[in-house]
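Structural characterization, general
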Amino acid sequence: MIDCIVAGDSIAVGTHLQRYECTSYSKGGINSWQYNVQFGQKDFTANTVIISLGSNDHKYVKTEKELLAMRANVRASKVFWIMPPCNDKFCKPEINEIVKKIAEANGDVIIGTNRVQADGIHPSWTGYREIANKTKGE
């Protein structure tokens, strides 16, 4: 069994740089629907799965349906969801509510950071280290 999988968008790509020992099924700029098309056939069986999806979703993406489909493929002892940021530059509260709902329904852990780059979306390197440490239990 794989020890760790990082799955999702550009925030997952950055997280993988800090959790390089994990297998990465991630791609920058990808929305939840595109993710399921490209990675939906992958085996998400691992001790730990770290998911970052939803930040690139728009009104034509059925986020809840797509995230539920993705989560249904996960078989893991521990699942972490990286909450999309919400600040004065970037915030999608409806996406955050969906992530929270799915994570809570599955007993998953929600993590995030307020340490973001100037774009307000992507974590700073300190923020990525913080996320990585949270997924290691540090």
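Below is a summary of the structure that appears in this document. All values derive from a computational prediction rather than experimental measurement.

Rules behind the numbers
- Residues numbered from 1 in each chain as written.
- Predicted model: local features only at pLDDT ≥ 70, side-chain atom pairs only at ≥ 80, totals over all residues.
- Heavy atoms only, no water.
- Pairing = 2+ DSSP bridges.
- Helix = DSSP H or I, 4+ residues; strand = E, 2+ residues; numbered from the N terminus.
- Right-handed = clockwise from strand over helix to strand, strands pointing away.
- Core = buried A, V, L, I, M, F, W, Y, C linked by side-chain atoms within 4.5 Å.
- Buried < 20%, exposed > 50% of the residue type's maximum accessible area, 1.4 Å probe, protein only.
- Contact = heavy atoms within 4.5 Å.
- Axes fitted to C-alpha atoms, helices over the stretch in contact; angles between N-to-C directions.
- Parallel < 35°, antiparallel > 145°, perpendicular 65-115°, else oblique.
- Nonpolar A, V, L, I, M, F, W, Y, C, P; charged D, E, K, R; others polar.

What follows is about the pairing of strand β2 (residues 23-26). One ladder, built from four bridges, connects strand β1 (residues 2-8) with β2; its direction is parallel. Within β2, the residue paired with G8 across the bridge is S26. Handedness of the β-α-β unit built from β1, helix α1 (residues 10-18) and β2 comes out right-handed.

Turning next to the nonpolar core. The nonpolar side chains of a soluble globular protein tend to be buried, and buried together. Residues Y35, F44, I51, M70 and W81 are the most contacted members of the largest nonpolar core, which totals 21 residues. Where this core is concerned, the elements lending two or more residues are β1, α2 (32-39), β3 (44-52), α3 (63-72), β4 (74-82) and α4 (93-106). Among residues more than four places away in sequence, those in contact with W81 are I51, L67, R71, V99, I102, A103, D108, V109, I110 and I111. In this structure, A12, F80, I111 and Y128 belong to the second largest nonpolar core, which totals 11 residues.

Turning our attention to the packing of α1 against helix α5 (residues 125-136). Remark: α1 packs on α5, axes separated minimally by 9 Å, with the N-to-C direction vectors making an angle of 75°. Taken together, the axes of α1 and α5 are roughly perpendicular relative to one another. Across the interface between the two elements, S10, I11, G14, T15, L17 and Q18 of α1 pack against W125, Y128, R129, I131, A132 and K136 of α5. Here the residues of the contact of α1 with α5 sort into six nonpolar, four polar and two charged.

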